[in-house]
Every structure is written in structure tokens, then in C-alpha cells.
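Below are the chains, spelled out letter by letter.
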Amino acid sequence: MSNERTPLINSGVCCLAGPAVACGAESDATTESGPGSPSKDPRKLNTFFGVMVPTILSMFSIILFLRTGFVVGHAGLLQGLLMLIVAYTIIALTILSICAISTNGAIQGGGAYYMISRSLGPEFGGSIGLMFFLAKVCACGEYVLGLVEAILDVFGSDPESSVSGGIRVLPQGYWYTVLYSSVVLLLCLLVCLVGAHIYSRTAFVILLVVTVSLLSVFISSVAVKPRDFVITHTGAGNQTVHYNASYTGYNATTLRHNLGSGYSLDYSTNSVMSFATVFAVMFTSCTGIMAGANMSGELRTPSVSIPKGTIAAVFYTFTVYVLLFILISATCDRTLLIQDYGFLQKINIWPPFITIGIYCASLSAAMCAMIGASRILHALALDDLFGLPLAPAAVTSSSGNPWVAVLYTWGLAQCVVFAGQLNSIASLVTVFYLLAYAAVDLACLALEWASAPNFRPTFQLFSWHTCLLGILSCLVMMFVINPVYSSGSIVLLLLLLLFLHFRSPTSSWGYISQALIFHQVRKYLLMLDVRKDHVKFWRPQVLLMVANPRSSCQLILFVNQLKKGGLFVLGHVQLGDLDSLPADPVQQQYNFWLSLVDKLGVKAFVDLTLSPSVRQGTQHLLRITGLGGMKPNTLVLGFYDSCTPEDFFLQDTAFCDSSLGRTSEGEYNFGVDLPSLQAHFPPVRHVESPRWLSPEEYVGIISDALKMSKNVCLARYFFQLEGEGKDSKVDGSERTLDVWPLNLLQPGSRDYEDVCSLFLLQMACVLNMSSKWRNARMRIFLNVETESSDQGWVVNEETFRELLRKLRIRASIKIVPWDSVVQHHSQEDEEPTRALSEDFLSAVNCMLMEHSSQAAVRFLYLPRPPAHHSQAQQYLAQMEAVTNNLGPTLLIHGVTPVTYTDL
């Protein structure tokens, strides 16, 4: 049975595994994964090592040691703290959503992608997942550039001297920066190819090193005495520029001077900073909140560890950043903060403390981003959302490491480092992350608004207000930071959504859209009050009874055109008695019927019932099908005759592709493939086969429907109708609709304006408005006795033309003299119990053949069925004789007033 772990395509992968997650015992390993498979459970990490450590390291990254001075120097302490509060408010709101989703069920590998896709469905989940992957890739490149910047700050050659000396031996320049970044990326690649377990084992040691470096900063603020520095930069035209800066120690004057903002030129990018650009760089420190969530495949209990570890890590980092902002505001002048991003080394009691801390924090953040990005890409590949381009990323090593996804990530990160400067790509990274955070908030908001009973997260400190506020704050800050990047990222997201929508991946994960639709439909159905129905808004709501779809597909397609935006239900009666059966056989058939609806491309519901007789089952369906104001008002039946039905499954290529070996690989079919669909529906009835339905029961169904105030249509010869398929390009321009509104079996009745005749006209007009019949010509035939002394038919014709004008029906009127037909009808034939003569029936059929032989569909008046069941066969014989060899014909008896001439 499919569940949350079922991938989109049954490609042999048992679940969305993490970097070392093996398939369960119930499934075979993927062929791409190599001959070996892990035998141990890879879920070993607890809250501290699996969530807190990587999250803290990711949030410290390069910002802690390399950009805190940049933020405070340009923005000042007050705006810097404001930025910090805004950033942490945004991520706090997102964390509440992450905690709610992660505590509502088992979390597999893929982290944020898994949460979003399993909440919002494959289209939104896949598009946001790819965006989040790109954000991780850009962040990886950013961290590497920050590390290279720190390396060059210590080992880079002096720009004033042409000769390298001491430890400053590394040449500087754009291409050298790219070269050094490539070497660092290669190191990260080698570590990630070996596996995430190396990183997880060393992460705690790295955190200890970073903590010691951080403590040295606070100790140095007290231990180090004030000192002055001369800072040198290469300005425009390769001219050397000198700046005098100072470290004052704790000083009230220094703090007062650093309270306000002082945005100026950034020496690394040669561009003037602003609130938005500084916030973009500072927010990079907040992009690590999902580092723990991305390790969900390795966590022992992800639903417990992710909330606890993430919240604790955020509180810890926020406290550290606030203290550090205050410390450097009170001890360093603005020139030092703005002109030297590595100033913490110069004011430390032992500068290597900071150097080692920067290297460890930056390298760990880069590796964490590469590992997280590769796991997201691996999860996307397993779900086969983007097809062949990402298919290789599903390959894993024998230990479960997705090494191909790591190579993908490394290749893209290598492209990112060509930016050359950390500050250049900070805005892009921040925008991508904000969009991903907004998507997580949206997922939680949708689950909350859907009011699904199974959304019961153990984490309760959230509401739809926090989710909505999180979405709005993310979107606002995106456009504050960079409107161009924000617009471009949203456009990219929409393009990915459209791509996945048209690729039509179908999953068994559950769609939040279905829950939201149910919620809204229920609300609007309650508002759809049947007491407020009005004839001018009437539309056909059809229940089509289908015995065997093999012989009824053309009729199903035709009624799909006839419904005109109304309700369309396929009904079927399974003969049987539930008392004598161990289980209800009907429930297992729904998937086959729904798959048939998908194959035919019709907009129809399916309603099945179990009953001892077809007549009783049809009564059930007429009474209970639909809901509220959406209930069938018209019953359509196939005609009861002795014609040998044709098998539509043998004619339509959509039902034959499977036997020819051309199944759609990318289509999830809810457990119903074409062979099983063909096998489920029995072969068509042969001439000698027994009938499930007697003539008396068939006529009784018609009588029952009329008693229940349902309109009735009998459809004959629709297996001859062509051009109704979903791939047909027919627009009706070569088609003709013929309407005979008079009751042809009662020549004495000359009323063209009774309810039944007007219903006949309305149904023909509705069909004429559908897509495949829009350009068809409609002809209305008026039968007149020209040789009669009563010439009132002339007046009747004018009256009828005026009626058509009022009803806005565009049709040509044909006058058909039928004196030769009426002469075969005697006064005795008017008695309801008397059979009509064969000569009269044959004459009516000949008249119809003469005038309507070329019509695509004919609409005829259906007389009321006889009151006594003994006349059922006689009634059917008369209908069969009149419509013999006519072609597609609808015999209609309407009991509902459907026309309206006023506004």
C-alpha cells in the first residue's frame, strides 16, 4: 500500500532516504546504488550532534568573524541590532512552521524539500526544492569565498610591495581568488565524497575550536590595550590608499560614535553600501536554520530533534551576535570596522585564535551547505520530478552516499565562485533563502487552513497568524534587499511550477490542494441553496448509466459535451446482495472507473452501487447521487435493442498502447495500469449472451425517473459517432443537428411549445454551445398537414419563429409535410393500449431517413412510457422501429421547465 515514503515513480527506490539511508527490508535496493547495500541503520545522530552543532556552525559561518564589523561599521549599533531583530524575527516565525510540520509525522531525507513537497504536493515542493538547492549551492560558494578572503588576509602578498615576504606569499587578484576557491571546493568535495559521517564526527571538534576563538574575542576586549593601525587598500587606478584606525578598548565615546549609521564605500566591491545591502550580508548568518533539518535522514528521531535543536541553536547564536555587536561598537572606531573586515585578528591576544576560528567556521559551513544541497538534490532525483536531467543524482554508493548529487553540487558551486567577492552574491543567497522560508511558512499555513484532522503536530506554539506574518515578512524583505533578484527568483519559481504542472507528476503523498478544495467546496455547497434555483440558470446535470464502458465510450464522450458545465456522473449498478458477500465489491472498482475517466479525458464523477436489480440500483443512484444543490436532473440511458455492441477499447490507441509496449513511464496510475484496466471490464455482450435487464425493467427505469421528476434521454447508435475524443480537432463546422420537437407517434398533438418540446430545443441548443459542436448547423423540423382544410400551421410556424427569436436560438426551420405519414394513423391508434401499425411506424422512420440521414445527431420526442409493464415490449418495439438505422439519435422526454425569455 502506498504511503508517505512512496516516490512519484516506482523506480525501485523504497523511500526518500538520507545520505546514508538504506532501503527497508521490504524493498530491493536500486540498481544504481551498486551491488552493496548498508546493513546498519544510518539514523544515529541525536539532537545535539545532529541538529544543534551543524545549525550553530552554519549560522556562525563567515559572518561571525568576518562581517560583524562590516555590519556595525556601516549600519551602526542601533540599526545593526534592528537588522538582527528583524532577521531573527523572520527566522523565528519560520522555525515555528518547521517545528509544526516536523512534529506532525515521520521526516525522511531531504529536509525542507521533504517537508514542503509532502505538504504542498509535487509541483510546489519540487519547484521550491530546486530553489532551495540553488540557495544552498550559492551559500556554499559564498562561504568558500569568505574563507579565501580570510586566507588572503593573512597569507596574501602586500599590495604595496612587488616582492613577497614572510608568510604573505600568496599572489592576489581575481583569477587567483577563483583558483584558491576552486582548491578549497575540491577539498570540500573530497570530504563529501567520503561521506557525511566524517563531517558529523568532526563538527563537534570544529564547534569547540570556534567557541574557543569566540571566547578569545571577549577576553581580548579586556586584556588587549588600545592601539592604532594603518590600513592599506588599492584604490582606483591601482593607487594605494592609507587609513588611520584605532582600537580604543571599552570607551563611551567610541560607543556613542558607533550608535548611528555611516554607510560608505565597500572596499571589496567598490560600491556604496545601504541598509538593504548590509542586511543582505548580515542575513547570511540566518540561512543556517535548516542545517539540522537537512540532516533529517541521519537523525535518530527527526520529529523530536529538529524542533529542540533548531530553537536552542537560534537562541544561542542570537545571544552571541548581540554581545559581539555591543562589544565591537564599544571598542573599535568606525574606520577600523569598515576598512578591515579581519580586524578581530589584530585586536586578539593571540591572532591565530581568530585565524583558526575563521578557517574552521567557514570550511564547516561550506561542507554543511554542500552536504545539505546534495541531499536535497538526491531527494528530488529519487522522486523523478525533473526527469532525465536529475536522474543520475539518484545514484548512491554502497554505503548510501549520493556521490553523483555531490558532484552536481560541486560543479554548480564552482560556477558561483566566479563571482570573486563574498558581498557580490550575498543578496542572491539571501533572496533564495527568504523564498524558501516563505514556502515553509506557506506549507504550514495551508495545513492549518485546511483543518485536516490528521494535522496534529506535537509542537503547538504556532498559529496561522505566525505563518502568514512569516510569509509577508519574507516577501517584504526580499524586495527590500534586491527587487531585481526577488522578481527573477519568483519568475523562476513560477516557471518551475508550470513545468512540473504540465509534466503532470502524480503522487500518493497527499495534496494539500485537495484538502483546501474540500474545505472550500463544502462551504460553497452549503451556500448552494436548492430553494434559490431559477430556471434562467438551469443547466443539465446528467447521470449516465453505464453497463460496460467498452461499448459506451462514445456515448460517455458525447454526454461530456452535452453537460455544458453541469454535473456529469457515470453510474453503474453491480448486481449482488451485500448480506451474502464478505465485503463490498464496489469499493475496489472505483479506481478502475476513475482511471477510465482519466483515459477518456472527461470531466465526470463516478458513482457505483450494489443492488439485487438494475432498476432498484438506478433508483438508489437517482436519489443519492450528488450533494446539496448538485444533484442529477437528467437520466441518460443507452438504448435497449438487439444490436451487437462494439468494443471501443480495441479501437482507441489510448487503450491499446499497453499491449504494444508503450506505457507511459512517468505516470503514476494509482495502482491501475492499462492491462489491469482492460482486464477489469468484461468483454462486450454477444447476441446470444443473456441480458442483465429485461424490457419491463428497462421501461420501469424510465417510468421511475419521470416519477422522480427527472428528465430522460435514450441514446441509440452513438457507437457510430466520431470525433468526440479529447485529441479530436473537430469544431462542428461540417456537422448538423436535427431537432424534431413534435411527438411523432401522436399526429393529433400539434403543440410545439409544451415542456417536453422546449426541453428538446434546450438540449440541442446546449450541445450547439459546446466546443466540438459550436459551429454545427441546427435544423428544426416542423411537421404539418398541408392537405388539411385547417391551415393553422402557417400561423403556428410564425409563432414558432417568434419563440426561437425570444429564446435566442439560432436555427433554420424546415417545414415537413407529412400527410402521407398521417394517413397510416387511425383514430383507434390514439388509444394508449393499442399498438401503432407497422405501416405508420415505418412511414415515420422513412420520413426521418429522408430528411435527417446526413445529420450528426438527431433529437426526437420520447413519448411517456405505458403505465402497465405488460406493454413495455410494445413500447420499445415502437421506439426501435422509428429510429431504425437512423444513426446517433437522442430520444428525450423532459419534465423540467428550462426556457426563460426575460432578463
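Calculation rules
Residues numbered from 1 in each chain as written. Predicted model: local features only at pLDDT ≥ 70, side-chain atom pairs only at ≥ 80, totals over all residues. Heavy atoms only, no water. Helix = DSSP H or I, 4+ residues; strand = E, 2+ residues; numbered from the N terminus. Buried < 20%, exposed > 50% of the residue type's maximum accessible area, 1.4 Å probe, protein only. Contact = heavy atoms within 4.5 Å. Areas by Shrake-Rupley, 256 points an atom, 1.4 Å probe, with all protein chains shown as cover. Phe/Tyr/Trp six-rings, centres within 6.5 Å; stacked < 30°, edge-to-face > 60°. Lys NZ or Arg CZ within 6 Å of the ring centre and 35° of its normal. Axes fitted to C-alpha atoms, helices over the stretch in contact; angles between N-to-C directions. Parallel < 35°, antiparallel > 145°, perpendicular 65-115°, else oblique. Expected span 1.5 Å × (residues − 1). Core = buried A, V, L, I, M, F, W, Y, C linked by side-chain atoms within 4.5 Å. Salt bridge = Lys/Arg side-chain N within 4 Å of Asp/Glu carboxyl O. Pairing = 2+ DSSP bridges. Right-handed = clockwise from strand over helix to strand, strands pointing away.

**Q** Give me the lowdown on the overall build of the chain, citing residues and values where you can.
**A** Secondary structure assignment for the chain yields 28 helices and 14 strands. Taken across its 903 residues, the chain has 55% of its residues classed as buried. Summarising the internal contacts of the chain: among those between residues at least 6 apart in sequence, 81% fall at separations of at least 24. Looking at the chain as shown, the accessible area adds up to about 38,700 Å², and 59% of this sits on carbon and sulfur atoms.

**Q** Let's hear about the packing of aromatic side chains: which residues, and what values?
**A** Under the criterion given, the structure shown has 29 aromatic pairs. When the ring of Phe 48 is compared with that of Phe 49, the centres are 5.2 Å apart and the planes differ by 90°; the resulting orientation is edge-to-face. Aromatic pair Phe 49 and Phe 204: ring centres 5.3 Å apart, planes at 70°, arrangement edge-to-face. Placement of Phe 49 in helix α1 (residues 47–60) and of Phe 204 in helix α7 (residues 196–223) is noted, with a sequence separation of 155 residues between them. With a relative accessible area of 34%, Phe 49 lands in the partly exposed category. We classify Phe 204 as partly exposed; its relative accessible area is 28%. Chaining the aromatic ring pairs together yields one cluster made of Phe 132, Phe 275, Phe 279, Phe 283, Tyr 433 and Tyr 437. Over the ring of Trp 773 we find Arg 735; its NZ or CZ atom is 4.0 Å from the centre of that ring.

**Q** Outline the packing of helix α9 (residues 275–283) against helix α16 (residues 464–481), listing residues and values.
**A** One way to put it is that α9 packs onto α16 with a least axis distance of 8 Å and a crossing angle of 120°. Classed by the angle they form, the pair α9 and α16 counts as oblique. Between α9 and α16, the residues in contact are Ala 276, Phe 279 and Ala 280 and Met 477, Val 480 and Ile 481, respectively.

**Q** Now, about helix α27 (residues 838–852): what can you tell me, with residues and values included?
**A** Every α-helix winds through 3.6 residues per turn, so residues three or four apart in the chain are directed the same way. Here α27 spans 21 Å end to end across 15 residues, near enough to the 21 Å set by a 1.5 Å rise per residue. Taken residue by residue, α27 has Phe 840, Leu 841, Ala 843, Val 844, Asn 845, Met 847, Leu 848 and Ser 852 as its buried positions. Turning to α27, the residues buried within the fold contact β10 (736–740), β11 (777–784), β12 (812–817), α26 (819–822), β13 (857–861) and α28 (872–882).

**Q** Requested: an account of unusual backbone geometry, with residues and values cited.
**A** Most peptide bonds adopt trans geometry, and most residues besides glycine take a negative phi value. Positioned with a positive phi, Ser 709 is a non-glycine residue whose angle comes to about 60°. For Ser 709, the position within the fold is in the loop between α23 (695–707) and β9 (711–716). Positive phi is not limited to glycine here, since Arg 808 has a value of about 55°. Position of Arg 808 among the secondary structure elements: in the loop between α25 (792–806) and β12. Of the residues examined, Arg 808 reaches a relative accessible area of 54% and is grouped as exposed.

**Q** So what's going on with the nonpolar core? Residues and values would help.
**A** Leu 64, Ile 91, Val 210, Phe 283 and Ile 289 are the most contacted members of the largest nonpolar core, which totals 162 residues. The greatest single-element share of this core, amounting to 20 residues, is contributed by helix α15 (residues 422–450). Residue contacts for Val 210: discarding those within four places in its chain leaves Leu 57, Phe 60, Leu 64, Phe 65, Gly 357, Cys 360 and Ala 361. Counting residues in each nonpolar core, the second largest holds 63 residues, with Leu 767, Trp 773, Phe 800 and Val 898 among its members.

**Q** Explain the pattern of salt bridges to me, using residue names and the numbers behind them.
**A** Taken as a whole and assessed by the stated rule, the structure comprises 8 salt bridges. One salt bridge in this structure joins Glu 880 and Arg 716, with 3.7 Å as the shortest N-O distance. Linking Glu 880 in helix α28 with Arg 716 in strand β9, this pair joins segments that are 164 residues apart in sequence. For Glu 880, a relative accessible area of 27% gives the class partly exposed. Ionic pairing is found between Arg 805 and Glu 802, a salt bridge with its closest N-O pair at 2.2 Å.

**Q** Lay out the pairing of strand β7 (residues 605–611) in plain terms, naming residues and giving numbers.
**A** It is a general feature of regular strands that their side chains alternate between the two faces of the sheet. Summarising burial for β7: 6 of the 7 residues are buried, a large majority. Bridge analysis of strand β6 (residues 568–575) against β7 gives 7 bridges, and the strand direction is parallel. Paired with Val 569 across the strands is Phe 605, a residue of β7. With respect to chirality, the unit in which β6 leads through helix α20 (residues 590–600) into the neighbouring parallel β7 is right-handed.

**Q** Which residues make up the pairing of β11, and what are the values?
**A** With 7 of its 8 residues buried, β11 lies for the most part within the structure. Examined bridge by bridge, β10 and β11 share 4 bridges and lie parallel to one another. Within β11, the residue paired with Leu 737 across the bridge is Met 778. The sheet contact formed by β11 and β12 spans 6 bridges and is parallel. Looking across to β12, one finds that Asn 783 is bridged to Val 816.

**Q** Kindly report on the sheet that holds β9, identifying the contributing residues and their values.
**A** Spatially, β7-β6-β5-β8-β9-β14-β13-β10-β11-β12 is the arrangement adopted by the 10 strands of the open sheet, whose pairing is mixed. A single partner strand is all that each edge strand has here, and the edge strands are β7 and β12. For this sheet, the mean angle separating the axes of adjacent strands, direction not counted, is 25°. Against the sheet, α20 touches β6 and β7, its axis set at about 145° to β7.

**Q** Go over the environment of Leu 363 with me, naming the residues and quoting the values.
**A** Relative to the helices and strands, Leu 363 is located in helix α13 (residues 352–383). Overall, the relative accessible area of 23% leaves Leu 363 in the partly exposed class. Distance from Leu 363 to Leu 147, taken between C-alpha atoms, is 6.9 Å for residues 216 residues apart in sequence.

All quantities given are derived from atomic positions and should not be read as evidence of function.
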